[in-house]
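Architecture at a glance
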Amino acid sequence: MGANVKGVKVKKILAAAGLILLVIIVIGLGVRTFLNYRHGKKLERYLAELKASGRLVDISKLASPCRDVDNGALWWKAAESLFILEQGDKSLLALVSDFSDWKPFSTEDKIKLKALLDRNRKVIELIVEASDKPCFRYGDLQKPVLERQLPDFSLMIQATRLLIIDALFKGEDEQIDKALDEMLQGLAFARLCCDEPLLINFQISMANARLLLYNLNRLMSEAKAPVPTPALINIMKALDSETWRKAMTRALKAEHGGFCFGTYELVQKGELLPDINPVGWRGRLANWWKRPALKSEVIWVSEQYQKMIEAAELPFYKSEKEMILGGGKDIPSKYKLARLILPRIYTVVVKEATLEAMIDAARIGLGCLIYRNQYGKYPEKISDLLPDILKEEPLDPFTGQSLIYRTKEDGFIVYSLGTNQKDDNGKMSEMTQLVMDKDDDWSWRQNW
């Protein structure tokens, strides 16, 4: 009898516990449903307001019309299909990528490089032809970012190295005019490729432009005779840091638009970005449960995007404080999307400032060569180039101060202090200070 009473009590307790648990689950589901609805509506209104205000731009609207006859991407597609790389070729091409020093090619390497050039002569010709085109449309901008066809960026980097080596060989053969023209065509092709408003295109274009500038300096430093003033002026005209900053801003606007619309669609479908997408039924359940919070995070990240876009339109030394958040500081730990995306954008802006530093150092360096052609010596200070050779003095994009300029009897060096804002005597490194402290100046030098 006592056992039966105890059994009944246990059943009642279990039934009550089950009922309480059920009530908790129902309340939890109700709260989650309410929050998902509220955050969803808030996100819908937010995107509509962004679009109506012009702050959210569809990628296709950032690109001007591009006829096939004007589309440099078609020439590049042909180059991709013809590019022949054999075992060991990438190591050979990497010989022009060492920012720490200019090392002469060995006799054996020269033989291999010339064979590589002979195999891919048509590739260089196609790049040169593409560089004269006004637009670049490789993929369909109407398609979602994840479905859009992209160039083979690895091949694009190798092709740029190939063109550089061809120009350096022309320089060795005392065909300096042809060598300089080829370098400028390479720079024009790098600028052309970021005409397609995608952040990845812009990053590859910047990397190629930095490499071209570095080897342009090498080419001119190793020239056996002074480069004529008209050629120097022509090169200076081709170096415009403002063009690159505008291209970056456009790429960031495209990235912002793609992020907002693309992420919103993923959230609505119950999907996350691949990097943080959960696996298995537990992951899918967690994904479903976190969906309301993720909708709220999309708004937060979008606001940071807009701040960074506005900051990116300014010189880096004026905008760095606004960009610090994107560097990974003060991002709430619960915002995985933000931690995945914003530091990457900050890195892009730092690299663009590096390119600006190299361009500004190059413009001053070219001005010094023009001054030597006119007066038989290098200027004592940068201001000596004003206003006849340079209309105004370029400032270090990292400090807002004058670039460092030093001379000796037969040479000079001019350089930016870089991200660490320390004088490393003009030494350069491919690594960024975001990884570790190192030599971080960006220079143009002659007989130094």
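Up top is the structure these notes are about.
All of these numbers come straight from a predicted model, not from anything done at the bench. (Residues numbered from 1 in each chain as written. Predicted model: local features only at pLDDT ≥ 70, side-chain atom pairs only at ≥ 80, totals over all residues. Heavy atoms only, no water.)

**Some details on the nonpolar core**
Soluble globular proteins: nonpolar side chains tend toward being buried together. By size, the foremost hydrophobic cluster in this structure holds 120 residues, and its most contacted members are W76 and M220. Tallying contributions element by element places helix α13 (residues 336-375) first for this core, with 22 residues. M220 has contacts with L180, V227, L232, I235, L366, L369, W444 and Q446, leaving out every residue within four places of it along the chain. V57, I59, A63 and A254 belong to the second-largest nonpolar core, a separate cluster that totals seven residues. (Core = buried A, V, L, I, M, F, W, Y, C linked by side-chain atoms within 4.5 Å. Buried < 20%, exposed > 50% of the residue type's maximum accessible area, 1.4 Å probe, protein only. Helix = DSSP H or I, 4+ residues; strand = E, 2+ residues; numbered from the N terminus. Contact = heavy atoms within 4.5 Å.)

**A look at the packing of helix α6 (residues 153-172) against helix α7 (residues 176-193)**
Packing of α6 against α7 leaves a shortest axis separation of 7 Å and a crossing angle of 165°. The angle between α6 and α7 places the two elements in the roughly antiparallel class. As for the relative orientation of α6 and α7, their crossing is left-handed in sense. Side by side, α6 and α7 meet where M156, L163, I164, D166, A167, L168, K170 and G171 of the first sit next to I176, K178, A179, E182, M183, G186, F189 and C193 of the second. Taken together, the residues of the contact of α6 with α7 break down into 10 nonpolar, two polar and four charged. (Axes fitted to C-alpha atoms, helices over the stretch in contact; angles between N-to-C directions. Parallel < 35°, antiparallel > 145°, perpendicular 65-115°, else oblique. Left-handed = near helix turned anticlockwise from the far one by under 90°. Nonpolar A, V, L, I, M, F, W, Y, C, P; charged D, E, K, R; others polar.)

**Quick notes on the environment of R250**
Relative to the helices and strands, R250 is located in helix α10 (residues 241-268). The sequence separation of R250 and L198 amounts to 52 residues, and the corresponding C-alpha distance is 8.4 Å. Apart from the residues lying within four places of it in its own chain, the contact partners of R250 are L62, A63, C194, D195, E196 and P197.

**Details of the side chain of S131**
Take S131: it is sitting in helix α5 (residues 121-131). A distance of 2.6 Å separates a polar side-chain atom of S131 from the backbone oxygen of V128. Beyond its immediate chain neighbours, meaning those up to four positions away, S131 contacts Q185, A188, F189 and L192. (Polar contact = N/O pair within 3.5 Å; in protein donor to acceptor, adjacent residues only side chain to side chain.)

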